[in-house]
Amino acid sequence: MKRKAKIIRTNEEGTVAVCIDVQNFKPILEFLTKDTRHKKKFNFIVNLVLYRIRNTEVYDKEDINKKSKGVTAMKFFKGQSNDRIYCKELTRKDKTFVIIMAELLEKKKTQGINQKTKK
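Residues numbered from 1 in each chain as written. Predicted model: local features only at pLDDT ≥ 70, side-chain atom pairs only at ≥ 80, totals over all residues. Heavy atoms only, no water.

1. Points about the overall build of the protein chain
Reasoning step 1: What the protein chain contains, in helices and strands, is 3 helices and 6 strands.
Reasoning step 2: In sequence order, the protein chain lays out its α and β elements as β-β-α-α-β-β-β-β-α.
Reasoning step 3: Relative to its full complement of 119 residues, the protein chain shows a buried share of 41%.
Reasoning step 4: Partitioning the intrachain contacts of the protein chain with sequence separation of at least 6 by distance along the chain shows that 44% fall at a separation of at least 24.
Reasoning step 5: When the accessible surface of the protein chain is summed, it comes to about 8000 Å², and 51% of that surface belongs to carbon and sulfur atoms. (Helix = DSSP H or I, 4+ residues; strand = E, 2+ residues; numbered from the N terminus. Buried < 20%, exposed > 50% of the residue type's maximum accessible area, 1.4 Å probe, protein only. Contact = heavy atoms within 4.5 Å. Areas by Shrake-Rupley, 256 points an atom, 1.4 Å probe, with all protein chains shown as cover.)

2. Quick notes on the environment of N82
Reasoning step 1: Summarising the element assignment, N82 is placed in the loop between strand 4 (71-76) and strand 5 (83-91).
Reasoning step 2: Within the local environment of N82, its side chain forms a polar contact with the side chain of R84, the two groups lying 3.4 Å apart. (Polar contact = N/O pair within 3.5 Å; in protein donor to acceptor, adjacent residues only side chain to side chain.)

3. Points about the pairing of strand 1 (residues 5-10)
Reasoning step 1: Note: strand 1 against strand 2 (residues 16-21), 5 bridges, orientation antiparallel. Counted as the bridge partner of T10 is A17 from strand 2.
Reasoning step 2: Counted along the chain from strand 1 to the antiparallel partner strand 2, the turn is 5 residues long, and its residue G14 has a positive phi close to 75°. (Pairing = 2+ DSSP bridges.)

As structure tokens, this is what we get:
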């Protein structure tokens, strides 16, 4: 199933883009603009992603199942509220690396991921 996403940020060269899935745009945007703490953490994570700096404490691959390739998570306030935004990474034909924020999971409490999020 094809879905659409809106680009919210790109790096200076235009080789990396961060997008939000149109279907979940509103809840994700509301979460990110909830307060300055969320905005700061989000900007920190996005800057790392745009410049391909690896920091597994805040952004890392998620091993959901064998079918799910390129799934990552933005990890907000690990050890506290443990909010996550699950993302899909892809490379377009023009070699642009794209991260699509697809699913918001507030206050993640378990190690596993529910069926809805897996899909």
